[in-house]
Structure formats: structure tokens, C-alpha cells
Amino acid sequence: MTVLEAGEPPARGAERGSRGRTWAGVRRALLAGVVAAAVVLGAGGVGLPLTEGAALGAVSPGGPWPGNKEVSPPPDDWPQAVTFSVFLCRDLDVFKQCHERAITAKQRRALEARLRAMPEVAEVEFESRQEAYANFTEQNADNEMLLSAIQEEDMPESFRGTLNRWRDIAPFRAAMDRTPGVANVFTFGEFFWQDKADVVVSLCGRKGTIFACKGRGPATAREKKAVGDRLLALKQSESVYFEDVAHARRVFAYRWGNKPDKSPLPERYYVRLSDPGAAPEVVGAVEGMAGIKSAGRLDGGCSWLGIAQECSGKLS
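Residues numbered from 1 in each chain as written. Predicted model: local features only at pLDDT ≥ 70, side-chain atom pairs only at ≥ 80, totals over all residues. Heavy atoms only, no water.

### Looking at the packing of aromatic side chains
Note on aromatic pairs: each is described by the distance of the centres and the angle between the planes. One pass over the structure, following the stated rule, counts seven aromatic pairs. Relative to W193, the ring of F192 lies with its centre 5.2 Å away and its plane at 80°, an arrangement referred to as edge-to-face. Of the two residues, F192 and W193, both sit in the buried class. With centroids separated by 4.1 Å and ring planes inclined at 10°, the aromatic side chains of W193 and Y270 adopt a geometry described as stacked. Taken together, the positions of W193 in the loop between β4 (182-189) and β5 (199-203) and Y270 in strand β7 (residues 268-273) put the pair 77 residues apart, joining distant regions of the chain. For the pair formed by W193 and Y270, the shared burial category is buried. (Phe/Tyr/Trp six-rings, centres within 6.5 Å; stacked < 30°, edge-to-face > 60°. Buried < 20%, exposed > 50% of the residue type's maximum accessible area, 1.4 Å probe, protein only. Helix = DSSP H or I, 4+ residues; strand = E, 2+ residues; numbered from the N terminus.)

Encoded structure:
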């Protein structure tokens, strides 16, 4: 080992080695973010619940639509189950709690014992790197670009499971963030609209946001009413619900365990159908109407954000 005197610059080889380790760590961190998102979201799932009076209708909050179809949201039965993924540190990980060192066998055993003993945890299982890669390739079989960029060595080991209640998210995260060997933690509440609606119609949002429609501002009151009336007139519509911004924010917070930033979320219509297979017909009946950003079937692929990700092209 070469000992450097104070102020003596490192040799070029040592500098390159240091830079190489740094880049490897940064690359691993970037890939870890992509992998983590794909792993926790690839399994499907969706967003969140409503509070009484949060959804407003064209007539009055909680009032009936023409034809006695209710405009208020379904009962306030916010789902309680929460899924979690606790990703473990690997060599050269740049996450601050990893210090570029992989979790030790002793730390892994201690973490598993702690998870199994926590009253907040309903169930937990370990996922190896090999299992994670097999699941990853299966879930992303149609994404050749992503698969070409991710190798088995990029996959993190993890503990995955469920929490008993939504309110357990904050203490669980706090505990895991302080645990040696843990790189990062993801938690997801269930989606409120799952099994309550079959189609989502997103209205144009404010300019300067990802929800904006090109060349215009948010949907006007007249446009919203026209869309609602069209949905209500369809024989396939069993119930039509209007979600305002306040409720959309609560849905987002419930899904992610964090409040969204101050950017306004868009308003939406959620439609429950007498026959879910009629979704393409319902979408086709409103697509192209003024004030609509997108329309599509409500499913795991469209709703993982907890705010109903745009669903155009998701009807196959």
C-alpha cells in the first residue's frame, strides 16, 4: 500500500479507480431506482379512497343525477392493507445509509427477525436477487429496452410483505430508515377506486402541469357538465362519480403515504359499468369531447400512481 504525504496528489491509477467506484455507485443507484419502481409497481395494484362529500356532481354534492344515478362517491370504505418493499444495501450503493457497503449476513438476520416481530407487519417474505430478476423479466417481457439495460446483478435483495393498517406506514418507514443495511423503503396503500369503477375520464388540467391539454386551460364548468351528461346517458353506465381536486389529493396521499406537492391534480369522472366489457364503447363515446385529457379502462396499468395515470391506449 502506498502512503501519501500531506498535499501529495493521488496517482492517476488511484484517481481512475476512485472515479470508477463512484460511477459504479451512481449507476447502481440510478438502476436501483428504475428497478425498485418496476419491481414494486410491476406487480400491479392501484390507489385510494374518498371521504364523504369529497366528490361533487353537476347537480349538488351527494345529490342524484338525472335517472337517479348517484353523483356522490361510493361509501367511505378506504382499504387498510398496505404492501411494502424493503430493499437491502449492496456494495457501492450510494444511498447514505449504505456507506457503499452491502448488508451483512448478521444485519440481514437481525432485520428479518425485527420485521417478523413488529406488530405493524401482517406478513413478510425474503426475495433473493435471482427471484427478483425472474419476476422482473416476467413483468417486463414486452419492454426489450429495459430488459437489455438491467442484469441480474442490478437487482437488489428485499423483504416484501404487508402492513395491517394504513396508519402504520409512518412508524414503519421511520423504523426502517434507521435500520443498518436498508437502502430504501417503499410502501403502497391500496387504490380506493379499485372494484368501484371500470372507466376513468381525466379532464384537462391547468396550464404548465402534466395534466394540461395542449393549447388551452382547464375544463370549463360547461364542458364538465357536457361530459357528465354524456356518461349518464349511456346505457352501459351504472354509476357515474365526479372526483374533485381535494379528493384526488387524498387518493394520492393514501397511495404513497405522502401528500402531493402543491401542483393541482386534475378532476376526473369514474364510471361503474353494468358490464365491464363495455369499457371500449364507453370510452369511444366520450373521446374527443372538449375538456377531456384522456379516457380509458381503470386497471392496475392505468392507476399505479394513485391518481389514475393516463389510460389512453390501455384498452387492448
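### Things to note about the sheet that holds β7
What links the strands of a sheet is backbone hydrogen bonding, and the strands pair in either a parallel or an antiparallel sense. The strand order across the open sheet built from four strands is β6-β7-β5-β8, with neighbouring strands paired in antiparallel fashion. The sheet is open, and its two borders are formed by β6 (237-243) and β8 (292-297), each paired with just one other strand. Here the average twist between neighbouring strands, direction ignored, is 15°. Two strands pair when backbone bridges link them, and β5 and β8 are joined in this way by five bridges, in the antiparallel orientation. (Pairing = 2+ DSSP bridges. Axes fitted to C-alpha atoms, helices over the stretch in contact; angles between N-to-C directions.)

### Some points on the nonpolar core
With 21 residues, the main nonpolar core has V199, V201, V227, L231 and Y269 as its most contacted residues. Broken down by element, this core gets its largest block of residues, four residues, from helix α8 (residues 279-286). By size, the runner-up hydrophobic cluster in this structure holds 18 residues, among which are I103, M118, V124 and V185. (Core = buried A, V, L, I, M, F, W, Y, C linked by side-chain atoms within 4.5 Å.)

### Remarks on the pattern of salt bridges
Enumeration according to the criterion identifies eight salt bridges in this entry. Here R108 and E157 are joined by a salt bridge, their closest N and O atoms 2.7 Å apart. Taken together, the residues R108 in helix α2 (residues 105-117) and E157 in the loop between α4 (144-149) and β3 (158-163) connect sequence positions 49 residues apart. Ionic pairing is found between K224 and E267, a salt bridge with its closest N-O pair at 2.9 Å. On the criterion of sequence distance, the pair formed by K224 in helix α6 (residues 221-233) and E267 in the loop between α7 (245-256) and β7 is long-range, its members being 43 residues apart. (Salt bridge = Lys/Arg side-chain N within 4 Å of Asp/Glu carboxyl O.)

### Notes on the state of the cysteines
Here the structure, examined in full by the defined rule, presents two disulfides. Note on cysteine connectivity: C89 is disulfide-linked to C98, with sulfurs 2.0 Å apart. Since a negative S-S torsion denotes a left-handed disulfide, the C89-C98 link at about -80° is left-handed. This pair shows no difference in class: C89 is buried, exactly as C98 is. Through a disulfide, C204 is tied to C213; the S-S separation comes to 2.0 Å. On the S-S bond that ties C204 to C213, the torsion sits near -90°, and the link is left-handed. Given a relative accessible area of 5%, C204 falls into the buried group. Counting only the cysteines that take part in disulfides, in the order they occur along the protein, gives the pairing 1-2, 3-4. (Disulfide = S-S within 2.5 Å.)

### What about the sheet that holds strand β2 (residues 121-127)?
The four strands lie next to each other as β2-β3-β1-β4, forming an open sheet whose pairing is antiparallel. Either end of the sheet is taken by a strand with one partner, and the two such strands are β2 and β4. Recorded for the sheet is a direction-independent mean angle of 15° between the axes of neighbouring strands. Looking at chain direction, β2 and β3 are connected through six bridges and run antiparallel. Bridged to F126 within β3 is F159.

### A closer look at the pairing of β5
Counting buried positions over the five residues of β5 gives five, a clear majority of the element. Side chains V199, V201 and L203 of β5 all project onto a buried face; the interleaved residues V200 and S202 project onto the opposite face, where all are buried too. Sheet topology note: the β5/β7 ladder contains four bridges and is antiparallel. Considered in β7, the bridge of V201 is made with Y269.

### Notes on the side chain of S239
On the secondary structure map, S239 appears in strand β6. We classify S239 as buried; its relative accessible area is 14%.

Everything listed here is a matter of geometry and, on its own, says nothing about what the molecule does.
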